[in-house]
Amino acid sequence: MSQDRPAGRFAGVGLGPGDPELVTLKAARLIAAADVVAYHAGVGKESNARRTAADLIPAGAVEEELRYPVTTGGTDHPGGYAGAMADFYTEAAERLAAHLAAGRDVVLLAEGDPLFYGSFMHMHDRLAHRFETQIVPGVPAFAAAAATAATPLVRQTDVLTVLPGTLPEPELARRLADSDGAVVMKLGRTFPAVRRALAAAGRLEDAVYVERASMPGERRLPVAEVDPDSVPYFSLVVVPGDSRHGKGRRDAPAPAPTGTTPGEVLVVGLGPGPDRWLTGEVAEALAEVDHVVGYGPYVARVPARAGLTRHASGNTVEVDRARLALDLARGGERVAVVSGGDAGVFGMAAAVYEALDDPAADGRWDDVEVRVLPGVSAVQAVAARAGAPVGGDFAVLSLSDRLKPWEVVEERLRLVARADLVCAVYNPASRSRTWQVARAREVLLEELPAATVVVVGRDVGRAEESLTVTTLGDLDPATIDMKCLLLVGARGTRVSARGAVWTSRAVPVR
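Residues numbered from 1 in each chain as written. Predicted model: local features only at pLDDT ≥ 70, side-chain atom pairs only at ≥ 80, totals over all residues. Heavy atoms only, no water.

Brief notes about the pairing of strand 10 (residues 235–239)
Okay, so step 1: Burial runs high along strand 10: five of the five residues are buried.
Okay, so step 2: Inspection of the sheet shows strand 7 (residues 181–185) paired to strand 10 by three bridges, in the antiparallel sense. Each bridged residue has a counterpart across the sheet, and for Ala182 the counterpart in strand 10 is Val239.
Okay, so step 3: Relative to strand 10, strand 8 (residues 208–211) is paired through four bridges, and the arrangement is antiparallel. Within strand 10, the residue paired with Glu211 across the bridge is Ser235. (Buried < 20%, exposed > 50% of the residue type's maximum accessible area, 1.4 Å probe, protein only. Helix = DSSP H or I, 4+ residues; strand = E, 2+ residues; numbered from the N terminus. Pairing = 2+ DSSP bridges.)

In structure tokens:
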């Protein structure tokens, strides 16, 4: 770096989606004053950023074209695509750093906004800690596309989701089904999968395809009418929030429930995790309902499809979910309320009946039928992995004290231990409940021998599954989290020579 000239300043300048008239005044001023103007370019292509800013670049400025070594094609780089791009960004940053160190101000042009899926971010990561840096925001492509489509993205409390079309198709469909307004970017070769995901999510009919928004050759048409072979990278899909809750506009009058034959609420258990543990009866029910209501992670396990609306909510609003389901069914909709495991074991079934039995309901759901369909429970899944620990009498308890006093939990733990029952412990810990496992262990050790067999099942049925066989004395509460279920053995619970845990069916006279 020259000792008599300070280092130059680095600026990432957003140019907007392509129309030079959408370049901000600040961006134009910085470009006009730059010593060096840099821009990225695709393999064998003219830089779109350079074309947008062409009339703003001063005659005396040095231009640095940063041409990608690879875009979607293959590469012989030993690190593959990621390695080739990492080396390219490092080399490009050093080219700009040389100008900055020599005291020259460098403006890096960015299409759209510099911090929105932009290559500028890679330069920022490498240069911002070494040189004075500023960022000028630009109009993002999706904003221009929404204007071209002339459709509202979101209203009031709607949530806008921006999705890359490179997501796996099932995940893309799930997120589209759960979104209010959505934008899908990075199309090109991904378009066929994006179109299928839109159809699966029931959002295809309202989705709008926009190509080269604000540029010459701009094109807009319904996604369903797009030729997949004609889709360039500079295109995206706009899914208006108005289409989220059914066909037509959000402000269209909803059908009144009066005179409508009430529908049915099915309360179903999805099992502990893998699809193969979903019962055939539940799978058939989910294929026929209009709505799925439940805790977010459980709703996410129900595949998106056309005609299905999914209502996800948090973990402590069970009765509110039940009321929503009952109201939907009262209006003639077919509704499934989902739980993990079995819906009748610490699941949504009790919450639905609690809502039905609430005097404040004033009988408005009296004509709604409720059916509970069984699922594989977590205690069954963990027990099967361990062997046969619940082969004799057993009890099921929850350590959650959200709906009952902790004193009641302790009393029941003592009674189960004194009755010599195997005890399945649900909800042993959470982010906010961190001491209950340790205290439960203390209580049980007052009633049971330290050598009592304990099985810890974590994420049983999922890829992260683990099963640990230990004793009550050796159980480490710090290793227990919300993903665990514990099986505390009885006096007749044993570990076989092969490591299986089982409980004798015979109980001697005490």
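What about the environment of Thr133?
Okay, so step 1: Locating Thr133 in the fold gives a position in strand 5 (residues 133–136).
Okay, so step 2: Taking C-alpha positions, Thr133 is 4.7 Å from Phe10, a pair spaced 123 residues apart along the chain.
Okay, so step 3: Excluding residues that lie within four positions of it along the chain, Thr133 makes contacts with Phe10, His124, Leu127 and Ala128.
Okay, so step 4: Engagement of the side chain of Thr133 in a polar contact is seen with the backbone oxygen of Phe131, the distance being 2.9 Å. (Contact = heavy atoms within 4.5 Å. Polar contact = N/O pair within 3.5 Å; in protein donor to acceptor, adjacent residues only side chain to side chain.)

Considerations on the pattern of salt bridges
Side chains that carry opposite charge are capable of pairing whenever their charged atoms lie near each other.
Okay, so step 1: Taken as a whole and judged by the stated rule, the model has 27 salt bridges.
Okay, so step 2: In this structure, the salt-bridge partner of Glu264 is Arg371, at a minimum N-O distance of 2.8 Å. Of this pair, Glu264 sits in strand 11 (residues 264–269) while Arg371 sits in strand 15 (residues 369–373), and the two are 107 residues apart along the sequence.
Okay, so step 3: By relative accessible area, Glu264 is classed as partly exposed at 26%.
Okay, so step 4: Its salt-bridge partner being Glu442, residue Arg439 comes within 3.0 Å of it at the nearest N-O pair. (Salt bridge = Lys/Arg side-chain N within 4 Å of Asp/Glu carboxyl O.)

Digging into helix 7 (residues 191–200)
Okay, so step 1: Those residues of helix 7 that fall on the buried side of the exposure criterion are Phe191, Val194, Ala197 and Leu198. Angular distribution of buried residues about the axis of helix 7 spans 120°; they occupy a single face of the element.
Okay, so step 2: As for helix 7, its buried residues are in contact with helix 6 (169–178), strand 7, strand 8 and strand 10.
Okay, so step 3: Just beyond helix 7, the residue with positive phi is Gly202, at close to 75°. (Arc of directions from axis to C-beta.)

Topic: the state of the cysteines
Okay, so step 1: Scanning all chains against the criterion turns up zero disulfides.
Okay, so step 2: With no disulfide of its own, Cys423 lies 15 Å from the sulfur of Cys484, the closest cysteine sulfur.
Okay, so step 3: Note on Cys484: relative accessible area 5%, which makes it buried. (Disulfide = S-S within 2.5 Å.)

What to know about the packing of aromatic side chains
Okay, so step 1: Applying the stated rule across the entire model yields nine aromatic pairs.
Okay, so step 2: Judged by centre distance (5.3 Å) and plane angle (50°), the ring pair of Phe88 and Tyr89 falls under tilted. Tyr89 matches Phe88 in its accessibility class, with the two residues each being buried.
Okay, so step 3: Aromatic rings pair up to connect Tyr68, Phe88 and Tyr89 into one cluster.
Okay, so step 4: A cation over an aromatic ring shows up here: Arg276 above the ring of Trp277, its NZ or CZ 5.6 Å from the ring centre. (Phe/Tyr/Trp six-rings, centres within 6.5 Å; stacked < 30°, edge-to-face > 60°. Lys NZ or Arg CZ within 6 Å of the ring centre and 35° of its normal.)

A short note on the sheet that holds strand 11
Okay, so step 1: Ordered by their spatial adjacency, five strands build an open sheet running 13-12-14-11-15, and the pairing between neighbours is parallel. The sheet is open, and its two borders are formed by strand 13 (309–313) and strand 15, each paired with just one other strand. Neighbouring strand axes in the sheet, compared pairwise and without regard to direction, differ in orientation by 20° on average.
Okay, so step 2: Across five bridges, the pairing between strand 11 and strand 15 is parallel. Counterpart to Glu264 in the pairing with strand 15 is Glu369.
Okay, so step 3: Contacts from helix 10 (residues 318–330) reach strand 11, strand 12 (291–295), strand 13, strand 14 (335–339) and strand 15, with the element oriented near 170° to strand 12. (Axes fitted to C-alpha atoms, helices over the stretch in contact; angles between N-to-C directions.)

Quick word on the packing of helix 6 against helix 7
Okay, so step 1: Across the interface, helix 6 lies against helix 7 with an axial gap of 8 Å and an inter-helix angle of 45°. Looking at the two axes, helix 6 sits oblique to helix 7. Regarding helix 6 and helix 7, the two cross each other, and that crossing is right-handed. Residue-level contacts link Glu169, Leu172, Ala173 and Leu176 of helix 6 to Ala193, Val194, Arg196, Ala197, Leu198 and Ala200 of helix 7.
Okay, so step 2: A class-by-class count of the residues in the contact of helix 6 with helix 7 yields eight nonpolar, no polar and two charged. (Parallel < 35°, antiparallel > 145°, perpendicular 65-115°, else oblique. Left-handed = near helix turned anticlockwise from the far one by under 90°. Nonpolar A, V, L, I, M, F, W, Y, C, P; charged D, E, K, R; others polar.)

Here's the deal with unusual backbone geometry
Okay, so step 1: At Arg212, a residue that is not glycine, the phi angle is positive and equals roughly 50°.
Okay, so step 2: Looking at the element boundaries, Arg212 is found in the loop between strand 8 and strand 9 (219–222).
Okay, so step 3: With a phi close to 55°, Asp362 is a non-glycine residue in the positive phi region.
Okay, so step 4: Within the secondary structure, Asp362 is located in the loop between helix 11 (348–356) and strand 15.
Okay, so step 5: Relative accessible area serves as the criterion here: at 71%, Asp362 is assigned to the exposed category.

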